[in-house]
Amino acid sequence: MKLSPLQTARYQYVPKLPGMLRNGISEICVKNGGATESVADQEKIKALFPNTYGKNEITFQKGQNTSEAKKQVVGVILSGGQAPGGHNVVCGLYDALKATNKENVLLGFKGGPSGLLEDSYIELTDEYVDQFRNTGGFDIIGSGRTKLESEDQFAIAAEVCKKHGVTAIVIIGGDDSNTNAGVLAEYMAAHNTGVQVIGCPKTIDGDLKNEDIECSFGFDTATKTYSEIIGNIARDANSAKKYWHFIKVMGRSASHVALECALETQPNICLIGEEVAAKKMSLAQIADYIADSVAARAAKGWNFGIAIIPEGIVEFVPEFSMLIAEINELLAGEKTAQFNALPTWKDKYAFIENGLSKDAMAVFAILPESIQQQLFLERDPHGNVQVSLIESEKLFSALVADNLAARKAAGTYNGKFSTLHHFLGYEGRCAFPSNFDADYCYSLGYNAFMLIQYGYTGYLSKVSNLSKPAEEWVAGGMPITKMMNIERRNGEDKPVIRKALVELDGKPFKFFEAHRAEWALETCFVYPGAIQYFGPAEVCDLTTRTLALEKGE
Ligand code: FBP
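Residues numbered from 1 in each chain as written. Predicted model: local features only at pLDDT ≥ 70, side-chain atom pairs only at ≥ 80, totals over all residues. Heavy atoms only, no water.

Draft legend 1. Focus on the sheet that holds strand β3 (residues 73–78). Here nine strands make up an open sheet; going across it, the order is β1-β2-β13-β12-β7-β6-β3-β4-β5 and the pairing mixed. Two strands bound the open sheet, and with one partner strand each, they are β1 (28–35) and β5 (121–123). Averaged over all pairs of adjacent strands, the angle between strand axes in this sheet comes to 25°, irrespective of strand direction. In the sheet, strand β6 (residues 168–173) pairs with strand β7 (residues 196–201) via six bridges, with the strands oriented parallel. Note that in β7 the partner of G173 across the bridge is P201. The sheet strands contacting helix α7 (residues 175–190) are β6, β7 and β12 (459–464), and the helix crosses β7 at an angle near 170°. Here helix α20 (residues 435–453) sits on the sheet and contacts β1, β2 (56–62), β3, β6, β7, β12 and β13 (474–479); the angle it forms with β12, its principal contact strand, is near 135°. (Pairing = 2+ DSSP bridges. Helix = DSSP H or I, 4+ residues; strand = E, 2+ residues; numbered from the N terminus. Axes fitted to C-alpha atoms, helices over the stretch in contact; angles between N-to-C directions. Contact = heavy atoms within 4.5 Å.)

Following this line, the structure appears as structure tokens:
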């Protein structure tokens, strides 16, 4: 493998651990916190998790290590979408495991949770692990989206663990994967397998956070990467002064990524899905809001700007959700084939017009034809529209163009509106982790092993106080059941970790709200530049604006 100079240099980087984990394995002991309760639905969750419910929150501190000396065989799994820093979680886990006992073994189950079910693994060695230190990607063992959730799967997992003498499994994943880690922990405990299960909070989306988890790893690096690109585009826009750039950013349903990028770059527009839903905004209202900024800037002679669109936005527009629901109905079962057999778009349009309600048709009719067609092309295996594939950056620029045309006809706007479109997603998921993510991830992995070594199961590796220097970070563990509530999923009541959406009364949104009118009108762009890996801490080690604002800094 040919290495870039940066990759070679990053191998030398020594991730920073929380102060309390820095004195060597022999000097890490447990400080017990109080017993825990789930955030809601306590009786139901308690009944579902008789073996793992209500355990104590714990933190580690300096002191005599009193953990039991036994050989550990740990299995690690990367689950779901890539997020920068995943390799360092594995490295931290490996280093703590080997520092505790050279005979300990780390097995990496390959390709995500399916690796455990298919008994596909690699035994990690110094030589192998060293190639991945401080690098992006999940290629160390690969990832996948198979869900570990059924009793049958758990039984297979238990068999595979027994075969290799696995004493613990670490699942590195998002809210669903960690929910499943909690359920698996309960199964392993209930069946006396002796296998512990520990989770680690991952996702660039930033939607796995709560009063215990300050942020998921990867969010820092991904948003810095997108913000660098948005800043570069903004500077190009401000130089050429001729384009409006519509930039969609990844992040699934929640708008945390878009909000953080807006806080970093101060664009003219940033839509926040959660606000759109709360205000029940229609497509036309959103277009009007953006067009106001375009027109006001045009009046100053500025026919350029930046609009950030979160990936999940359309799901939050009530009339659009209603349209999607009707389309799913319209093409249910046999009707898809009937629709697909129609020879021309005109025939298909007539079929749609016939099948949709008047309200849904009114929404459908204002969409650009390319989006209308997309709604009927991109279906998931159940025949449903794949909302995440809708090119919402193009949808909104087209709606704004229509709005401006009407303003022009009415004589209230006389600018130029030339648009360019971008989608930022995969660019950020495997970037070299920022120092923050490199440190945070290494600490999460190291800490996960300490939880294993001290016999905990059904815990999430927790590192907090993250807006402070790593020395002051606090390492410990939180029972996964504490984060659970009951939600309706696929027609059933399920215990799940609640997905965190942007809070409209939270400090990051409030800050954005207080400044966005000025940003919409003026040119206040900030150009964050590339992530810096070497240099002064105030440039290299800063985490997100979101976290800083949440912490009141
Ligand atoms: P996770 O929730 O698994 O961390 O994945 C996040 C994400 O990057 C989303 O932002 C995005 O919508 C999705 O994955 C894309 O998935 P895929 O990699 O399957 O295309």
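Moving on, there is more to tell.
Draft legend 2. Layout of the environment of K55. Residue position: K55 is located in the loop between α2 (42–48) and β2. Assessed through its relative accessible area of 38%, K55 is described here as partly exposed. Taking the C-alpha atoms as reference, K55 lies 8.2 Å from G34; in sequence the two are 21 residues apart. Among all residues touching K55, those that are not within four sequence positions of it are G34, A35, T36, Y459 and P479. (Buried < 20%, exposed > 50% of the residue type's maximum accessible area, 1.4 Å probe, protein only.)

Draft legend 3. Structural view of the side chain of N178. Residue placement: N178 occurs in helix α7. What makes N178 buried here is its relative accessible area of 0%. From its side chain, N178 meets the backbone oxygen of G173 in a polar contact 2.7 Å long. Setting aside residues up to four positions removed in sequence, N178 forms contacts with I171, G173, G199, C200, P201, L208, L460, I480 and I497. (Polar contact = N/O pair within 3.5 Å; in protein donor to acceptor, adjacent residues only side chain to side chain.)

Draft legend 4. Quick peek at the site of the ligand. Of all residues adjacent to the ligand, which total 13 residues, the nearest are G81, T203, D205, Y426 and R429. Y426 is positioned with one of its side-chain polar atoms (N or O) 2.5 Å from an oxygen atom of the ligand. Its free accessible area being 490 Å², the ligand has 79% of it covered by the protein chains. Tallied by class, residues from the shell around the ligand come to three nonpolar, four polar and six charged. (Near = heavy atom within 4 Å. Areas by Shrake-Rupley, 256 points an atom, 1.4 Å probe, with all protein chains shown as cover. Nonpolar A, V, L, I, M, F, W, Y, C, P; charged D, E, K, R; others polar.)

Draft legend 5. How the structure looks around the pairing of β7. Most of β7 is tucked away, with six of its six residues classed as buried. Side-chain alternation along β7 places Q196, I198 and C200 on one buried face and V197, G199 and P201 on a second face that is also buried. Taken together, the two bridges between β7 and β12 define a ladder with parallel strand orientation. Note that in β12 the partner of I198 across the bridge is Y459.

Draft legend 6. Region of the structure containing the sheet that holds strand β10 (residues 305–310). Spatially, β9-β10-β8-β11 is the arrangement adopted by the four strands of the open sheet, whose pairing is parallel. The open sheet has two free edges, formed respectively by β9 (269–270) and β11 (419–424), since each of these has just one partner strand. Pairing of strand β8 (residues 244–249) with β11, which is carried by six bridges, proceeds in the parallel orientation. Within β11, the residue paired with K248 across the bridge is F423. The strands touched by helix α11 (residues 283–299) within the sheet are β8, β9 and β10, with β8 carrying the most contacts at an inclination of about 150°.

Draft legend 7. Molecular detail of helix α15 (residues 345–355). Along α15, the residues that are buried comprise W345, K348, F351 and I352. Seen end-on, α15 carries its buried residues on one side only, within an arc spanning 115°. Pointing more than 90 degrees away from the buried face of α15 are the exposed residues K346 and N354. On its buried face, α15 sits against α13 (318–330), α14 (335–340), α16 (358–366) and α17 (369–377). (Arc of directions from axis to C-beta.)

Draft legend 8. Layout of the side chain of S227. With respect to the secondary-structure elements, S227 resides in helix α8 (residues 219–240). What makes S227 buried here is its relative accessible area of 1%. Looking at S227, its side chain comes within polar contact range of the main-chain oxygen of T223, at 2.7 Å. Among residues more than four places away in sequence, those in contact with S227 are C261, E264, T265 and P528.

Draft legend 9. View of the pattern of salt bridges. A complete count under the given rule lists 29 salt bridges for this structure. As a salt-bridge pair, K482 and D212 come within 2.9 Å of each other at their nearest N and O atoms. Taken together, the residues span a long stretch of sequence, with K482 in the loop between β13 and β14 (484–489) and D212 in the loop between β7 and α8 at a distance of 270 residues. Judged by relative accessible area, D212 falls into the buried class, the value being 6%. Close ionic contact of R489 with E487 constitutes a salt bridge, the shortest N to O distance being 3.0 Å. One network of salt bridges, in which partners are shared, links E57, E211, D212, K462 and K482. (Salt bridge = Lys/Arg side-chain N within 4 Å of Asp/Glu carboxyl O.)

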